[in-house]
Amino acid sequence: MSMTSLLTITPWPALSAIILLVLLVAALYFARSTAHQAIHAGCAALARGLRLASHSITHALEHLVARNRAVLLAAGREAKERIVEREFARVGDTVRKDLAGYPEMHRSLSGAILRIEEDQEKAVEVPPEAPGWAQAVGVVAKLDARNGGTEILADIHKSMVKAHAEAMRDYRKASAERHALLRQMMPDWRLIQQTLGRVNKSVESVIERSLAIDRHMEEYETIVRGENHAVSILSSSSIVYFFISALVLAVATAGAAINFTLIARPMAEMVGGTNFIGAFRTADIAALVIIMVEISMGLFLMESLRITRLFPVIGTLTDKMRVRMIVITFAILLMMASIEAGLAYMREVLLQDELATNALLRSDNTGSMVNQHLWITTAAQMGMGFILPFALVFVAIPLETFVHSLRTVVGLIGIAILRALALILRVLGNGARHLGVLAQRIYDLPLFLPLWLEARTATAARQAANAPRSGEAVPWQEARS
Amino acid sequence: MKRRVFLLTLTLAISACVPPSAHNTGVYLLVDTSGSYNRQVSKAEQIILFALSRLQSSDSIAVARIDTASFTEKNIIAKATFDDRPSTANQQKRAFAGRVESFVDQATPAPYTDITGGLLQAIEFLNEKQTARKEILIFSDMKEDLAKGYVRDIPLDFRGFDVVALNVTKLRSDNFDPRLYLARLEEWRVRVEQSGGHWRVVNDLDRLDGLL
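Rules of the game
- Residues numbered from 1 in each chain as written.
- Chains lettered and ligands numbered in written order.
- Predicted model: local features only at pLDDT ≥ 70, side-chain atom pairs only at ≥ 80, totals over all residues.
- Heavy atoms only, no water.
- Helix = DSSP H or I, 4+ residues; strand = E, 2+ residues; numbered from the N terminus.
- Buried < 20%, exposed > 50% of the residue type's maximum accessible area, 1.4 Å probe, protein only.
- Contact = heavy atoms within 4.5 Å.
- 1 Å grid on protein atoms, 1.4 Å probe; cavity = no way out; pocket = protein on both sides within 12 Å on 5 of 7 lines; lining within 4 Å.
- Points joined across faces, edges and corners; volume = space filled by probe spheres on them.
- Buried area = accessible area lost by both parts, 1.4 Å probe.
- Salt bridge = Lys/Arg side-chain N within 4 Å of Asp/Glu carboxyl O.
- Polar contact = N/O pair within 3.5 Å; in protein donor to acceptor, adjacent residues only side chain to side chain.
- Nonpolar A, V, L, I, M, F, W, Y, C, P; charged D, E, K, R; others polar.
- Phe/Tyr/Trp six-rings, centres within 6.5 Å; stacked < 30°, edge-to-face > 60°.
- Right-handed = clockwise from strand over helix to strand, strands pointing away.
- Pairing = 2+ DSSP bridges.
- Axes fitted to C-alpha atoms, helices over the stretch in contact; angles between N-to-C directions.
- pLDDT = per-residue confidence, 0-100.
- Expected span 1.5 Å × (residues − 1).
- Arc of directions from axis to C-beta.
- Core = buried A, V, L, I, M, F, W, Y, C linked by side-chain atoms within 4.5 Å.
- Parallel < 35°, antiparallel > 145°, perpendicular 65-115°, else oblique.
- Left-handed = near helix turned anticlockwise from the far one by under 90°.

Caption draft 1: Highlighting the overall build of chain B. Across its full length, chain B holds six helices and six strands. Secondary structure of chain B in N-to-C order comes out as α-β-α-β-β-α-α-β-β-α-α-β. Taking all 212 residues of chain B together, 48% fall into the buried category. Intrachain contacts of chain B at a sequence separation of at least 6 include 78% that bridge at least 24 residues.

Listed below in structure tokens is the structure:
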């Protein structure tokens, strides 16, 4: 039934429209309660659903936060354990080194001290003997001069002068000997000083290490306790490590690409230039496989050296086995590097052959001229072919950091996404609830007249019923509610 | 887990065992040696050497002359399918260039011009080689002049072929009436394209970059 036909229910379209409008308003008015309930129920269901989804995502977010926190703390704990372990190893090395030389040092010090004691004893100054002639001279002086006292005194004087001269000579000799002994003590003093200086240095080094260990242990304890401060530091460190390792990996990828360019062309000589596996040339795949094998060997070498810890199985091998692995992986790497150097040389030969052929086909004589400095590029290519496999070995270090930090970074990104999603769902839920209220208001908009009449009627009825409390009614508010 | 590994291995094995699609190119170069065009043969050498420089390992090339009766293997001056190894392919190219050079030196003019026969021979050769890309280069004025008794009013199947007319020179009669030249080219274009091929004309031999 079209609008035009509806307007023809009476001969006057305006009247028809008014009748239809009245009927419509009446219908809406009578269906108002049900419609409000339906709108409320629909919007409430939608809001509840959205809030439920938001709660669910918030739960997932909490799980992810907890997981990320656990991952961060575990990674931080492991890193700190490695640092502390390394510091202890250094302290151990220092102590072992010093303790190994301790008996010798002790002997040296004891010997030096003994020698000094002996020299000191020898160098003790012997006081000059008291003159034994003083009383005799006194007695002789009291004698009568006639009894020959003067001569005696003269003899005594002579003897005393002689004895004094001898005593002085002995004293000087003894002093010279003492000085010589004191001079002999100097090297021993220096030896003691140097030895004690070395000991002091070692002790200071150990003290410094112990301070560093204390600091690391404090940080380790904060990590073990799971403090927010530690988590925050670990999180920011992890992001920094992620970007740095990604940068280094990008550089390594560029190196691998150059390596690939060096060996892809000569590979065509070995496996054919036109064979394809899927959409890729077999020669390219072969070159790529060689590079991948080199990187794998590099990983195993780094694992065997315990520089990285990507494969726990290798780390837990016995030392003998690890040494074997180191030798084997290094030998394979050496072979690969030699092969690459050969392929790089072959590449240059092929390139020259191709240039010569193209020059011949272009009837260009300049292309076939031999460049006398060609050996430089050939040697450079061979050198790069040999060195790049070893350089790629070190990819293992940023790779390990990248893998470890990737877990955290992915977790952080996931947290951010979930948080945003939860917020959006919550906003949508609230929006749906308010949308229901708005829809009810919009529904009531065409019904303003019957609602107003209803409110007036209700007010009048209430006033009639509560005559003493007239004037307290709030018809509009009730009608709106 | 085992099932996943098995499926992965199976997928890789299947992808490795699928017969590889051809990526090579086949070039058949027809050189007109008829009386009016024989002087241009030296220019053909330039085209042949250019084509050789562009071809790679596993590509095929043949050079044949157009004379009175072109639908025969005897007209093929040199042919080669380059080796898989680039170094051997280079040696083959040098040998091929030598054969072409001796042909150019000894080329003798033919009384008639059997272009259709040459094209039939080219189609047969390239179809046998089963190359992914098939190019027929015609170094001619495209004026067919058949000897009495030669039937060449036969359908040609150019599906999958690129036919390039090179150095299509103008005849003296074309100078009197250029419509003859245009009609001749149009006739060949229609013939090639109606047979499913792709037609192109390159007259500027200094601009061969788009070729091959």
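Caption draft 2: Geometry of the layout of surface pockets. All names here are of chain A. Considered as a void within the structure, the largest pocket measures approximately 1,000 Å³ in volume. Forming the boundary of the largest pocket are 29 residues, of which Ala-75, Glu-78, Ala-79, Lys-80 and Ile-83 lie nearest the centre. Of all the secondary-structure elements, those providing two or more residues to the lining of the largest pocket are α3 (32-100), α6 (149-225), α7 (228-271) and α12 (396-444). A total of ten residues in the lining of the largest pocket trace back to one element, the largest contributor, which is α3.

Caption draft 3: Broad picture of the interface of chain B and chain A. If you look at the interface, chain B gives 17 residues, while chain A gives 18 residues. When the two sides are added together, the surface that chain B and chain A hide from each other amounts to roughly 1,400 Å², 57% of it contributed by carbon and sulfur. Taken together, the links from chain B to chain A amount to one salt bridge. The closest approach of N and O atoms between Asp353(A) and Arg94(B), which form a salt bridge, is 3.2 Å. Taken together, the connections running from chain B to chain A amount to five residue pairs in polar contact (both at pLDDT 80 or more). Sorting the residues of the side of chain B that touches chain A by element identifies α1 (2-17), α2 (41-54) and α3 (86-106) of chain B as the ones contributing at least two each. Tallying contributions element by element places α3(B) first for the side of chain B that touches chain A, with six residues. Looking at the side of chain B that touches chain A residue by residue, the class counts come to six nonpolar, seven polar and four charged.

Caption draft 4: Molecular detail of the packing of aromatic side chains. Applying the stated criterion across every chain yields a total of eight aromatic pairs over all chains. Pairwise contacts between aromatic rings join Phe242(A), Phe243(A) and Phe402(A) into one cluster.

Caption draft 5: Quick look at the pairing of strand β2 (residues 60-66) of chain B. All names here are of chain B. Where burial is concerned, most of β2 is hidden: six out of the seven residues are buried. Assessed by its sense of winding, the connection that carries the chain from strand β1 (residues 25-32) through α2 to β2 is right-handed. By the bridge criterion, five bridges tie β2 to strand β3 (residues 76-81) in an arrangement that is antiparallel. Counterpart to Ser-60 in the pairing with β3 is Thr-81.

Caption draft 6: Here's a closer look at the pattern of salt bridges. Taken as a whole and assessed by the stated rule, the structure comprises 20 salt bridges over all chains. For Arg82(A), the salt bridge is made with Glu400(A), and the minimal N-O distance between the two is 3.8 Å. One end of the pair, Arg82(A), is in helix α3; the other, Glu400(A), is in helix α12, with 318 residues separating them in the sequence. For Arg82(A), a relative accessible area of 25% puts it in the partly exposed group. Classification of Glu400(A) by relative accessible area gives buried; the value is 6%. Between Arg159(B) and Asp157(B) there is a salt bridge, with the nearest N and O atoms lying 3.0 Å from each other.

Caption draft 7: Broad picture of the sheet that holds strand β5 (residues 161-166) of chain B. Residue and element names in this part refer to chain B. One open sheet holds the six strands; their spatial order is β3-β2-β1-β4-β5-β6, and the pairing between them is mixed. Either end of the sheet is taken by a strand with one partner, and the two such strands are β3 and β6 (198-202). Between one strand axis and the next, the sheet turns through 15 degrees on average, direction left out of account. Bridge analysis of β1 against β2 gives seven bridges, and the strand direction is parallel. Paired with Leu-29 across the bridge in β2 is Val-63. Packing of α2 onto the sheet brings it into contact with β1, β2, β4 (133-139) and β5, and relative to β1 it is tilted by some 175 degrees. Strands β1, β2, β3, β4 and β5 of the sheet are contacted by helix α4 (residues 115-129), whose axis makes an angle of about 160 degrees with β1.

Caption draft 8: Quick peek at the side chain of Thr58(A). Relative to the helices and strands, Thr58(A) resides in helix α3. Overall, Thr58(A) belongs to the buried group, its relative accessible area being 18%.

Caption draft 9: Structural view of the confidence of the model for chain B. Within chain B, residue pLDDT values average 86, and 90% of them lie at 70 or more. Complex prediction metrics read pTM 0.65 and ipTM 0.73.

Caption draft 10: A look at helix α6 (residues 178-194) of chain B. All names here are of chain B. With 17 residues, α6 should reach 24 Å at 1.5 Å per residue; the first-to-last C-alpha distance of 24 Å fits that figure. Residues Tyr-181, Arg-184, Leu-185, Trp-188 and Val-192 constitute the buried set of α6. Projection of α6 onto a plane perpendicular to its axis shows the buried side chains occupying an angular sector of 90 degrees, all on one side. Exposed and oriented more than 90 degrees from the buried face of α6 are Arg-179, Leu-182, Glu-187 and Gln-194. A positive backbone phi angle near 95 degrees is found at Gly-196, which sits one or two residues after α6.

Caption draft 11: Local environment of the side chain of Ser140(B). All names here are of chain B. Position of Ser-140 among the secondary structure elements: in the loop between β4 and β5. One polar contact links the side chain of Ser-140 to the main-chain amide nitrogen of Met-142, over a distance of 2.9 Å. Once you skip the residues sitting within four places of it in the chain, Ser-140 turns out to touch Asp-32, Tyr-37, Ile-115, Leu-166, Asn-167, Val-168 and Thr-169.

Caption draft 12: The arrangement of the nonpolar core in detail. Residue and element names in this part refer to chain B. Ranked by size, the top nonpolar core spans 34 residues in total, and within it Val-31, Leu-52, Ile-61, Phe-96 and Leu-166 carry the most contacts. Secondary structure elements with two or more residues in this core: β1, α2, β2, β3, α3, β4 and β5. Counting residues per element, this core draws most heavily on α2, which supplies eight residues. Dropping the residues within four chain positions of it, Val-31 is found in contact with Val-41, Ala-44, Ile-48, Val-63, Ala-64, Arg-65, Ile-66, Phe-103 and Phe-139.

Caption draft 13: Here's a closer look at the packing of α7(A) against helix α8 (residues 282-304) of chain A. All names here are of chain A. Where α7 contacts α8, the axes come no closer than 7 Å and their chain directions differ by 130 degrees. Taken together, the axes of α7 and α8 are oblique relative to one another. Considering only the axes of α7 and α8, their crossing is right-handed. Contacts from Ala-256, Asn-259, Phe-260, Ile-263, Ala-264, Met-267, Ala-268 and Val-271 in α7 reach Thr-282, Ala-283, Asp-284, Ala-286, Ala-287, Leu-288, Ile-290, Ile-291 and Glu-294 in α8.

Caption draft 14: View of helix α4 (residues 102-122) of chain A. Residues and elements named next belong to chain A. Between the first and last C-alpha of α4 there are 30 Å, a value that for 21 residues agrees with the 30 Å anticipated at 1.5 Å per step. For α4, the set of buried residues is Met-105, Leu-109, Gly-111, Ala-112, Ile-116 and Asp-119. For α4, the angular spread of the buried residues around the axis is 160 degrees, confining them to a single face. Relative to its buried face, α4 has exposed residues pointing more than 90 degrees away, namely Arg-107, Glu-121 and Lys-122.

Caption draft 15: Local environment of the environment of Arg215(A). Inspection of the secondary structure assignment puts Arg215(A) in helix α6. Taking the C-alpha atoms as reference, Arg215(A) lies 9.7 Å from Val84(A); in sequence the two are 131 residues apart.

Caption draft 16: Seen up close, unusual backbone geometry. Residue and element names in this part refer to chain B. In this structure, Met-142 takes a positive phi of about 65 degrees despite not being glycine. Looking at the element boundaries, Met-142 is found in the loop between β4 and β5. Even without a glycine there, the phi angle at Asn-167 is positive, about 50 degrees. Tracing the sequence through the fold places Asn-167 in the loop between β5 and α5 (172-176).

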